[in-house]
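Here is how the chains run, residue by residue.
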Amino acid sequence: MSGVNEAQDRLTARVVADTARSTAVLAWRAAPWNLVALAALTTGLAAVPVVTAWLTRLVLDRLTGVEGAELFALAAGLAATGLVAAVLPLLRQFLGARFDRAVSLRAVDRLYSAVNSFHGLARFENPVFQDRLRMARGAAGQSVGRLVDGGLRVAGGALTAVGFLTALYAMDATMTLLVTASAVPALVAELKLSRRRAHTEWRVSAAQRREFFYQMLLSSLDAAKEIRLFGASGFLKERMLGERRIVDAETHRTDRREFLTQSLLALISAFVAGTGLVWAALAARRGQLTVGEVSMFVAAVVGVQSALSGVIRSLADGHQHMLMMGHYLAVVRAGPDLEGPPQPLCTRVHLPALRRGVEFRDVWFRYAEDHPWILRGVNLFLPYGEAVALVGQNGAGKSTLVKLLCRFYDPTRGAVLWDGVDIRQVPVPQLRRRLGAVFQDYVPYDLTAAENIAIGDVETLTAPDKIREAARRAGVHDMLSRLPRGYDTMLSRTYARQAQHDDETGTTLSGGQWQRLALARAFVRDEPDLLVLDEPSSGLDAEAEHDVHLRLRHHRAHRTSLLISHRLGAVRDADRIVVLADGRIAEEGTHDALLLAGGTYAKLFTLQASGYQEEA
């Protein structure tokens, strides 16, 4: 994690070279011919001001004493140059926008390919990584294209400046040095400002993310009921505005420094230009410069200052975007977040179909070294073909065991074995292909009903019969069939399925209906070796809960399953019940045996049962 979370705030020559190379490779692979065209256009645009100034000088110096044909040719050349100067920027803008889209698409693809390669949850639960990921998204959308564009503009500005400096040097070497030297403080100041802008973006990133969180709460359908019922909208709005004020204050400090610095730089440029104009006027009066040379001198001073100013701005902007690209490269180069098998084993180890069972062997786990232990030496065996239930109070470690089994985390100590094979020695996707799961915190996706089920196995998107069969087994088929567009109905009030249906309103489901749909996601996967059911009936009424558990009992028959539930009546038919307390196994056995033992399970079961009896 350290490689992902360390903030890079200074650019060394090595970092600049690496970032430039990575950006160039990305740009070339995204749109090679577009890049070549932009480079050619940039070269042409760089030459236009110099050519215009030279032609203007020649025209002015030949207004008298030359033949009309020669003057006409020079004037025609000047007109043609003006036409090119009018057309090339438009063409470059068009190709530049097209290039930006192509590069951004490839950069975003690479970013989320890297994000999708993170098999665990630790990085997603880390606020610093979330801030860095936000910066990386911004870099993917803007920084890659702007770095390439800035590089081309630096090259074009340098060509323009060299052309004008050559002309200026032919007239006066001292003025050439003065104009060139005036650019040095501007370069240093702009680079410092760009670093400060990048630092400001990094510092306010957390506040901007919190502001976005409050914005989503205030406009979210899911939160609308509670926020309005409890009258919390004003409180949340003030929280949102408070985060905005933090961002604004930090940005204002940067803007103020930028204003003062650039005002001073503008005064320096004006002084240099004014000094040059005075010298040129005096030289012309003494007969040392012709009218055309004065014109060329003025154009050269203005052109050099403009070109160098553009180069400096591009370098400063590039400096800022290189710092932003540091976040992007840190994410895409982060590497695996879970310990993987050695490369030779990746090609040789194949996870066998479960035949003996899954074993937790002396498993200890905590989320960080300074955090308390969640699991403390757990030894647990899930026999093949049996249903094992995990019960215990909140915080006992039940959900953490599920996370280790699904390999969202690895044990701090100990091992999880699949028929004797340490699951850390098997590629994560291969393990998860053999698992089916229903989580308590299931996600209601803003997708169609069919897509919501197919999330459990995206290959079934082309197999509607499998999707419908999974819905039937979950008891949700009839309800989905009655929706306005059946399984193609958008389960969202926020998004439409596609542009031509923007006038159509989607629908939402009740909590119980979503629960059954989440159950269908687990059923759509072909015969998983191990079924994990984490509170699969929470939020259901008694009749619906009974129906769901009948369906689950039928589905998990002769299949290895792990069932977690706070409702002990739902787990009484499990082959074995395991009670967790304070990260340890307190007791285990069948329902009847645990009741006879009179331990923790018996007390909890009796307490729940008495509650139902009192209600009756």
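Starting afresh in each chain, residues are numbered from 1 along the sequence in its written order. With the structure being a predicted model, the display of local features is reserved for residues of pLDDT at least 70 and the display and counting of side-chain atom pairs for 80 or more, all residues being used for whole-chain, interface and lining totals. To obtain the side-chain values, all non-hydrogen atoms of the structure were included, while hydrogens and water were left out.

Secondary structure is summarised from DSSP: a helix means a run of H or I of at least four residues, a strand means a run of E of at least two, and numbering begins at the N terminus for each. The helix and strand inventory of the protein chain stands at 21 helices and 10 strands. Taking all 616 residues of the protein chain together, 44% fall into the buried category. Of the contacts made within the protein chain by residues no fewer than 6 positions apart, 75% connect residues no fewer than 24 positions apart. Entry remark: accessible area of the protein chain is about 31,700 Å², with carbon and sulfur atoms responsible for 58%. Categorising residues by exposure relies on relative accessible area from a 1.4 Å probe, with only protein chains included: less than 20% of the type maximum marks a residue as buried, more than 50% marks it as exposed, and the intermediate range marks it as partly exposed. Should any heavy atoms of two residues lie within 4.5 Å, those residues are considered in contact. Areas reported here follow the Shrake-Rupley algorithm with a probe of radius 1.4 Å; residue values treat only the protein chains shown as occluding.

Only buried residues count toward a nonpolar core, which is a set of Ala, Val, Leu, Ile, Met, Phe, Trp, Tyr and Cys residues joined through side-chain atoms within 4.5 Å. If you look at the biggest cluster of nonpolar residues, it comprises 38 residues, and the most contacted ones within it are I453, L480, I577 and Y601. By residue number, the principal contributor to this core is helix α18 (residues 511–524), which donates 7 residues. Apart from the residues lying within four places of it in its own chain, the contact partners of I577 are A389, V391, V571, R572, E587, E588, G589, T590, H591, L594 and Y601.

Time to look at the sheet that holds strand β1 (residues 357–365). Paired strands, in this sense, are two strands between which DSSP finds at least two bridges. Taking strand neighbours across the sheet as the criterion, the 4 strands line up as β2-β1-β4-β5 in an open arrangement whose pairing is antiparallel. On the outer flanks of this sheet lie β2 (375–383) and β5 (421–422), each paired with one strand and no other. Here 2 bridges tie strand β4 (residues 413–418) to β5, and the two strands are oriented antiparallel to one another. Bridging across to β5, L417 finds its partner in D422. This element, helix α13 (residues 398–405), spans β1, β2 and β4 of the sheet and lies at about 115° to β1. Helix axes use the C-alpha atoms of the stretch in contact, all axes being lines fitted to C-alpha atoms, and the angles between their N-to-C directions lie in the range 0 to 180 degrees.

What follows is about α18. Here α18 spans 20 Å end to end across 14 residues, near enough to the 20 Å set by a 1.5 Å rise per residue. Within α18, 12 of the 14 residues are buried, which leaves the element mostly enclosed by the surrounding structure. Where α18 is concerned, the buried positions are G512, W514, Q515, R516, L517, A518, L519, A520, R521, A522, F523 and V524. Take the residue count of a helix, subtract one, and multiply by 1.5 Å to get its expected span.

Our focus in this paragraph is the packing of helix α5 (residues 127–171) against helix α6 (residues 173–181). The contact between α5 and α6 brings their axes to 6 Å, and the two run at 145°. On the side of α5, the interface is formed by L165, L168 and Y169, while α6 contributes A173, M175, T176, V179 and T180. Here the residues of the contact of α5 with α6 sort into 6 nonpolar, 2 polar and no charged. Following the grouping adopted for this structure description, the nonpolar residues are Ala, Val, Leu, Ile, Met, Phe, Trp, Tyr, Cys and Pro, the charged ones are Asp, Glu, Lys and Arg, and the polar ones are all others, Gly among them.

In space, the 6 strands of this open sheet follow the order β6-β7-β8-β3-β9-β10, with mixed pairing throughout. Pairing within the sheet leaves two strands with one partner each, and these edge strands are β6 (435–438) and β10 (584–589). Mean inter-strand twist for the sheet, computed between neighbouring axes without regard to direction, equals 20°. By the bridge criterion, 4 bridges tie strand β3 (residues 387–391) to strand β9 (residues 576–581) in an arrangement that is parallel. Bridging across to β9, A389 finds its partner in I577.

Take the side chain of D534 next. Residue position: D534 is located in strand β7 (residues 530–534). Note on charges: Lys and Arg go in the positive column, Asp and Glu in the negative column, and His and the chain ends are not counted at all. By salt bridge we mean one thing: a side-chain nitrogen of Lys or Arg within 4 Å of a carboxyl oxygen of Asp or Glu. No salt bridge is formed by the buried D534; the nearest opposite charge belongs to K398, separated by 7.5 Å. Setting aside residues no more than four positions away along its own chain, D534 makes contact with S399, V438, F439, Q440 and I564.

Moving on, we get to the packing of aromatic side chains. For Phe, Tyr and Trp, rings pair up if their centres lie within 6.5 Å, where Trp contributes its six-membered ring, and each pair is then called stacked (planes under 30 degrees apart), edge-to-face (over 60) or tilted (otherwise). The full count for this structure, using the stated rule, is 10 aromatic pairs. Taking 6.1 Å as the distance between ring centres and 20° as the angle between the ring planes, the aromatic pair formed by Y601 and F605 counts as stacked. One end of the pair is Y601 and the other is F605, both in helix α21 (residues 600–615) and 4 residues apart, which spans about a single turn. By relative accessible area, which is 15% here, F605 ends up buried. Every member of this aromatic cluster is reached through a ring pair, and the members are F118, F124 and F129. Charge-over-ring placement is defined geometrically: NZ (Lys) or CZ (Arg) within 6 Å of the ring centre, and within 35 degrees of the ring normal. Geometry around W364 places R413 over its ring, the cationic atom sitting 5.2 Å from the centre.

Viewed as axis vectors pointing N to C, α6 and helix α10 (residues 233–285) meet at an angle of 170°, and their least axial separation amounts to 10 Å. As far as their axial angle goes, α10 and α6 are roughly antiparallel. Handedness of the α6/α10 crossing: left-handed. Of the residues in α10, those touching α6 at M175, L178 and V179 are V272, T275, G276 and W279. Should an angle fall under 35 degrees it is taken as roughly parallel, and over 145 as roughly antiparallel, whereas 65 to 115 is taken as roughly perpendicular and any remaining angle as oblique. Helix crossings are classified by the rotation of the near helix relative to the far one: an anticlockwise turn of less than a right angle makes the crossing left-handed, while a clockwise turn makes it right-handed.

Time to look at helix α16 (residues 464–474). Looking only at α16, the buried set comprises I467, A470, A471 and A474. For α16, the buried positions fall inside an angular range of 100° around the axis, keeping them on one side. Looking one or two residues beyond α16, the residue adopting positive phi is G475, at roughly 75°. In this description, the arc belongs to the directions extending from the helix axis to the C-beta atoms.

A word on the pattern of salt bridges. Tallied over the full model, the rule gives 15 salt bridges. Taking the shortest distance from any N to any O, the salt bridge between E250 and R253 comes out at 2.6 Å. In this pair, E250 and R253 both sit in helix α10, 3 residues apart, roughly one turn of the helix. Judged by its relative accessible area of 13%, E250 falls in the buried class. The exposure class assigned to R253 is partly exposed, which follows from its relative accessible area of 37%. A salt bridge links R407 to D410, with the nearest nitrogen and oxygen atoms 2.7 Å apart.

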